[in-house]
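Topology and contacts: notes
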Amino acid sequence: MLNFELYNPTNYVFGQNQIEKLASLVPANAKIMLAYGGGSIFKNGVHAQVTENLKGFEVIEFGGIEPNPRFETLMKAVEIIRTEKINFILAVGGGSVIDGVKFISGAVNYEGDAVDILKKRILFKDVSKVIPFGTVLTLPATGSEMNSGAVITIDATHEKLTLGGSALFPQFSICDPTVIQSLPKRQIQNGVVDAFTHVLEQYLTFPQDALLQDRISEGILQTLVEIGPKVVENPTDYKLASNFMWCATMALNGLIQKGVASDWATHMIGHELTALYEIDHARTLAIIGPNLYRVMFETKKEKLAQFGERVFQVSGNTIEEKAQNAISKLVAFLEEMGMETKLSQATTNYEDTANFIVNRFEERGWKAMGEKQNITLEKVREIVELSY
Ligand code: NZQ
Ligand code: ZN
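Think of each chain on its own: its residues are numbered from 1, step by step along the sequence as written. Each chain takes a letter, starting from A, and each ligand takes a number, starting from 1, following the order in which they are written. Predicted model: local features are reported for residues with pLDDT of at least 70 only, side-chain atom pairs are reported and counted for 80 or more only, and whole-chain, interface and lining totals are derived from all residues.

**Regarding the domain arrangement of the protein**
All domain edges in this entry derive from an automatic or database-based domain assignment. In terms of domains, the protein is made up of domain 1 (11-179) and domain 2 (185-386). Spacing between the C-alpha centres of domain 1 and domain 2 amounts to 26 Å. Counting from both sides, the interface comprises 18 residues of domain 1 and, opposite them, 22 residues of domain 2. For the side of domain 1 that touches domain 2, the secondary-structure elements that each account for two or more residues are strand 6 (149-154) and strand 7 (159-164). Amino acids are sorted into nonpolar (Ala, Val, Leu, Ile, Met, Phe, Trp, Tyr, Cys and Pro), charged (Asp, Glu, Lys and Arg) and polar (every other residue, Gly among them). Taken together, the residues of the side of domain 1 that touches domain 2 break down into eight nonpolar, seven polar and three charged. Placing a C-beta atom from the backbone of each residue, one calls two residues in contact when those atoms lie within 7 Å. Segments assigned H or I by DSSP are reported as helices when at least four residues long, segments assigned E as strands when at least two residues long, and all are numbered from the N terminus.

**Description of the site of ligand 1**
Only the C-beta atom matters for nearness: placed from the backbone, it must lie within 6 Å of the molecule or strand for the residue to count as near. In the vicinity of ligand 1 there are 33 residues, among which Gly37, Gly38, Pro67, Gly94 and Gly95 approach most closely. For the shell around ligand 1, the secondary-structure elements that each account for two or more residues are helix 2 (40-43), helix 5 (95-107), strand 6 and helix 7 (185-203). The dominant element in the shell around ligand 1, judged by the number of residues it contributes, is helix 5, at four residues. Class assignment for the residues of the shell around ligand 1 results in 10 nonpolar, 21 polar and two charged. Here the shell around ligand 1 gathers at least three residues from each of two domains, domain 1 (11-179) and domain 2 (185-386).

**A few points about the environment of Met1**
On the secondary structure map, Met1 appears in the segment before strand 1 (11-14). To assign burial, the other C-beta atoms lying within 10 Å of each residue's own C-beta are counted, with C-beta atoms placed from the backbone; 20 or more indicates buried, 12 or fewer indicates exposed, and intermediate counts indicate partly exposed. Of the residues examined, Met1 has 12 C-beta atoms within 10 Å and is grouped as exposed. Distance in space between the C-alpha atoms of Met1 and Asp209 is 5.6 Å, their sequence separation being 208 residues. Excluding residues that lie within four positions of it along the chain, Met1 makes contacts with Gln208, Asp209, Ala210 and Gly259.

Set out below in structure tokens:
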């Protein structure tokens, strides 16, 4: 196992009616920006609950943060915070709103050109330089409610880039599983698949003597296999909803990646598909993931076999056979979760995608990805072409 530090300061407040604690979680002197997305929080009553519990605080609202939040939109919030001297942000929404707020939090006091936060991947480590924020989660998927990463799209250049740093953990996140009742089926499917893939990015590498991390990962995967298809059909079932929400957080709150080398190339390639074609984040992962495992089979076959045996109970006479069966089971699960697993099913005019992505990665100097840094540009091309 590799050496590690485990730091996670987010106060994770989980369960029904926990929004009632909001006023005690927000700092007493807070002048708050309430940041949200396209308006789902007005339809499902979350906005009313939030404002009810923020009575007495000065609140300025900022709506319109898009799914795949845009740099250009977020900079408008940055300006408002500067002029209004706002000292706390409350993100009310899914991964996009929370990610957007992380960017805003870092950008307000950033002294250079704010686009460099993304282009140069500036790390925020000094909590005194960022605007503190909390979240009210409305969509279990990304884990953004308990991690310090974010993904932002620059509209002008159609780039989807990451930022983060230890200063960008939410101070608190209120996670009430009943919020999933108003989610469209498609978003619940996305949430399950995103969380599932987050575990695979950290677990499906090579044997690394991290026995506990493996077992925790397999526990999350098994739970998602058990509840995923059911929660899509029964979002009002609290047992399903609560386990779904907790799995999604546990999949990307930093715990299972401690002490191991992780992959993340499925995400890096997937982000390009969203930037190019606006395909939902999780759906890009379903297209790329299985093909990445096929192309990187030699590197990953031991873990693929373990994944197959422990999560899907596959059999086989050799490691290779079990590993192949694991990929087939994974594809079947993704399809059961309503995913398309080919780019041609999700968009048209995709023939030049591999060239485009390889050129972009080359420009950015991303020439060696994956847990062994052996996903070269040639491998990226192969993975994307196999995904057509
Ligand atoms: O904008 P509103 O009106 O709120 O509607 C949203 C949006 O249209 C809607 N929604 C959210 N909660 C709802 C609801 N509708 C009804 N009832 C509710 N309770 O769902 C739509 C999608 O929301 P979004 O926030 O975009 O989805 P998600 O949580 O899947 O976030 C996706 C974004 O997170 C990034 C992705 O790249 C993508 O930009 N990721 C962030 C990560 C992180 N910070 O750690 C890791 C992930 O791998 C991912 O890359
Ligand atoms: Zn993801």
